[in-house]
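Understanding the architecture of this molecule
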Amino acid sequence: MDFTAFLPYLATMAAVTYLIRAIPLVLIKKKIENKYILSFLYYMPYAVLTVMTVPAVFFATGNIITATAGVAVALVLAFFKQGLLTVALGASAGVFIAQMVITYIV
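**Let's talk about the overall build of the chain**
The number of helices and strands found in the chain is four helices and zero strands. For the chain, the N- to C-terminal ordering of α and β elements is α-α-α-α. Its C-alpha radius of gyration of 21 Å places the chain more than 25% over the 13 Å reference for a compact globule of 106 residues. With the principal axes as the frame, the chain shows a C-alpha extent of 60 × 50 × 20 Å. For the chain, the proportion of its 106 residues judged to be buried stands at 10%. Summarising the internal contacts of the chain: among those between residues at least 6 apart in sequence, 35% fall at separations of at least 24. For the chain, the exposed area adds up to about 9100 Å²; of that, 77% sits on carbon and sulfur atoms.

As structure tokens, then:
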């Protein structure tokens, strides 16, 4: 892409990103006390992270069956309160084992 064609895109992105952060600071002067809004603001980052991560997880392996096996292993390990490294390694092992099983069956 030509740099002169890229500049309007960059400027638009910068302006939108800045406005999203600046408008609440300018418009809201007092402390937010509404429990609903506070709850919404508390859970929003988790919801956005989930929405961005889950689709990528299911398409990362190129096979929905192996991806589902990895997610299942990760959910079981997370349910039993294992650490992040254990969950990640377990999910990877689950995907690897599922891929081996599919390879030998087919």
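**Focus on the packing of aromatic side chains**
Scanning all chains against the criterion turns up three aromatic pairs. Judged by centre distance (4.9 Å) and plane angle (85°), the rings of tyrosine 42 and tyrosine 43 are edge-to-face. Put simply, the rings of Tyr42, Tyr43 and Tyr46 touch in pairs and so form one group of aromatic residues.

**Let's talk about unusual backbone geometry**
Even without a glycine there, the phi angle at lysine 81 is positive, about 60°. By the secondary structure assignment, lysine 81 is in the loop between α3 (64–79) and α4 (84–105). Judged by its relative accessible area of 75%, lysine 81 is exposed.

**Considerations on helix α1 (residues 3–27)**
End to end, α1 covers 35 Å across 25 residues, agreeing with the expected 36 Å (1.5 Å per residue, within 8%). Within α1, the axis deviates most sharply at leucine 19, by approximately 30°.

**Let's talk about the packing of α3 against α4**
Relative orientation of the contacting elements α3 and α4 amounts to 145°, with a least axis distance of 8 Å. When the axes of α3 and α4 are compared, the crossing they make is right-handed. Together, Ile65, Thr66, Ala69, Gly70, Val73, Ala74, Leu77 and Ala78 of α3 and Thr86, Val87, Gly90, Ala91, Gly94, Val95, Ala98, Gln99 and Ile102 of α4 make up the contact between the two elements.

**Overview of a nonpolar patch on the surface**
A cluster of nonpolar side chains, contributed by Tyr36, Ile37, Phe40, Leu41, Met44, Val48, Leu49 and Met52, occupies part of the molecular surface with about 800 Å² of accessible area. Positionally, tyrosine 36 belongs in helix α2 (residues 35–59). By relative accessible area, tyrosine 36 is classed as exposed at 64%.

**Focus: the layout of surface pockets**
Taken as a whole, the largest pocket spans an internal volume of roughly 260 Å³. Lining of the largest pocket is provided by Val57, Thr61, Ala67, Gly70, Val71, Ala74, Leu75, Ala78, Leu84, Val87, Ala91 and Val95. Mapped onto the lining of the largest pocket, the elements with two or more residues apiece are α3 and α4. If one sorts the elements of the lining of the largest pocket by residue count, α3 sits on top with six residues.

Conventions and cut-offs
- Residues numbered from 1 in each chain as written.
- Predicted model: local features only at pLDDT ≥ 70, side-chain atom pairs only at ≥ 80, totals over all residues.
- Heavy atoms only, no water.
- Helix = DSSP H or I, 4+ residues; strand = E, 2+ residues; numbered from the N terminus.
- Rg over C-alpha atoms; globule rule 2.2 N^0.38 Å.
- Buried < 20%, exposed > 50% of the residue type's maximum accessible area, 1.4 Å probe, protein only.
- Contact = heavy atoms within 4.5 Å.
- Areas by Shrake-Rupley, 256 points an atom, 1.4 Å probe, with all protein chains shown as cover.
- Phe/Tyr/Trp six-rings, centres within 6.5 Å; stacked < 30°, edge-to-face > 60°.
- Expected span 1.5 Å × (residues − 1).
- Bend = angle between axes of the 7 residues up to and from the residue.
- Axes fitted to C-alpha atoms, helices over the stretch in contact; angles between N-to-C directions.
- Left-handed = near helix turned anticlockwise from the far one by under 90°.
- Patch = residues over 30% accessible without salt bridge, like charges linked within 9 Å, V, L, I, M, F, W, Y side chains within 5 Å.
- Salt bridge = Lys/Arg side-chain N within 4 Å of Asp/Glu carboxyl O.
- 1 Å grid on protein atoms, 1.4 Å probe; cavity = no way out; pocket = protein on both sides within 12 Å on 5 of 7 lines; lining within 4 Å.
- Points joined across faces, edges and corners; volume = space filled by probe spheres on them.

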